[in-house]
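Structure at a glance
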Amino acid sequence: MALFECRLKKYRQLKELTQEQLAAQVGVRRETIMRLEKAQYNPSLKLAIDISRAVEAPIEELFIFD
């Protein structure tokens, strides 16, 4: 099984966004952002792109599949 690492929290904090603010920007619940940051949830491609744009970081830097 592939390992999943998520660096979203780092980039979200660099943009000074709360989980709730980011969730509102990308159209999901805060709990989804929380689960992503804990690497408990794999995002859809659309969600990954939306998050990448919101925090202005490449998808490859945010979501690491090993």
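Below is a short write-up of the structure. Note that the structure is a prediction, hence the values are computed from the model and not measured. (Residues numbered from 1 in each chain as written. Predicted model: local features only at pLDDT ≥ 70, side-chain atom pairs only at ≥ 80, totals over all residues. Heavy atoms only, no water.)

Focus: the packing of helix 2 (residues 19–26) against helix 3 (residues 30–37)
The criterion, for reference: Only C-alpha atoms enter the line fits that serve as axes; for helices the fit covers just the stretch in contact. Angles between N-to-C directions range over 0 to 180 degrees. Working definition: helices are DSSP H or I runs of at least four residues, strands are E runs of at least two. Numbering for both runs from the N terminus. We call two directions roughly parallel when the angle between them is under 35 degrees, roughly antiparallel when it is over 145, roughly perpendicular when it lies between 65 and 115, and oblique otherwise. With the far helix as reference, a near helix turned anticlockwise by less than a right angle produces a left-handed crossing, and one turned clockwise produces a right-handed crossing. Throughout, a residue-residue contact means that at least one pair of heavy atoms, one from each residue, lies within 4.5 Å. Ten residue types, Ala, Val, Leu, Ile, Met, Phe, Trp, Tyr, Cys and Pro, are classed as nonpolar, four, Asp, Glu, Lys and Arg, as charged, and the remainder, Gly among them, as polar.
The N-to-C vectors of helix 2 and helix 3 enclose an angle of 110 degrees; their axes lie 8 Å apart at closest approach. The orientation of helix 2 relative to helix 3 falls into the category roughly perpendicular. Crossing hand, helix 2 versus helix 3: right-handed. Side by side, helix 2 and helix 3 meet where Gln19, Glu20, Leu22, Ala23 and Val26 of the first sit next to Arg30, Ile33, Met34 and Glu37 of the second. Split by residue class, the contact of helix 2 with helix 3 holds five nonpolar, one polar and three charged.

What about the side chain of Ser52?
The following threshold applies: For the purposes of these results, a polar contact is taken to be a pair of N or O atoms within 3.5 Å, where, inside protein, one atom must be able to donate a hydrogen and its partner to accept one; residues adjacent in sequence count only when each atom of the pair is a side-chain atom.
Mapped onto the elements, Ser52 comes out in helix 4 (residues 45–55). Looking at Ser52, its side chain comes within polar contact range of the main-chain oxygen of Ala57, at 2.4 Å. For Ser52, the residues in contact, after removing those within four places along its chain, are Ala57, Pro58, Ile59 and Leu62.

A word on the pattern of salt bridges
The line we're drawing: A side-chain nitrogen of Lys or Arg and a carboxyl oxygen of Asp or Glu constitute a salt bridge if their distance falls within 4 Å. Under the scheme applied here, a residue whose accessible area is under 20% of the maximum for its type counts as buried, over 50% as exposed, and between as partly exposed, the area being computed with a 1.4 Å probe on protein chains only.
All told, the structure shown has seven salt bridges when counted by the stated rule. Notably, a salt bridge pairs Glu5 with Arg7, separated by 3.3 Å at the nearest N-O pair. Under the relative-accessibility criterion, Arg7 is labelled partly exposed at 30%. For Lys15, the salt bridge is made with Glu56, and the minimal N-O distance between the two is 3.0 Å. With a gap of 41 residues between them, Lys15 in the loop between helix 1 (8–14) and helix 2 and Glu56 in the loop between helix 4 and helix 5 (59–62) connect regions that are remote in the sequence. Glu56 gets classed as exposed once you look at its relative accessible area, which sits at 62%. Among the charged side chains, a network of salt bridges with common partners joins Glu5, Arg7 and Glu61.

Some points on the nonpolar core
As a rule of thumb, soluble globular proteins bury nonpolar side chains together. Condition: Here, nonpolar core means buried Ala, Val, Leu, Ile, Met, Phe, Trp, Tyr and Cys residues that are tied together by side-chain atoms lying within 4.5 Å of each other.
If you look at the biggest cluster of nonpolar residues, it comprises 18 residues, and the most contacted ones within it are Leu8 and Ile51. Of all the elements in the fold, those that place two or more residues in this core are strand 1 (4–6), helix 1, helix 2, helix 3 and helix 4. Counting residues per element, this core draws most heavily on helix 4, at five residues. The contact partners of Leu8, leaving out residues within four places of it in the chain, are Leu22, Ile33, Leu36, Glu37, Ile51, Val55 and Leu62.

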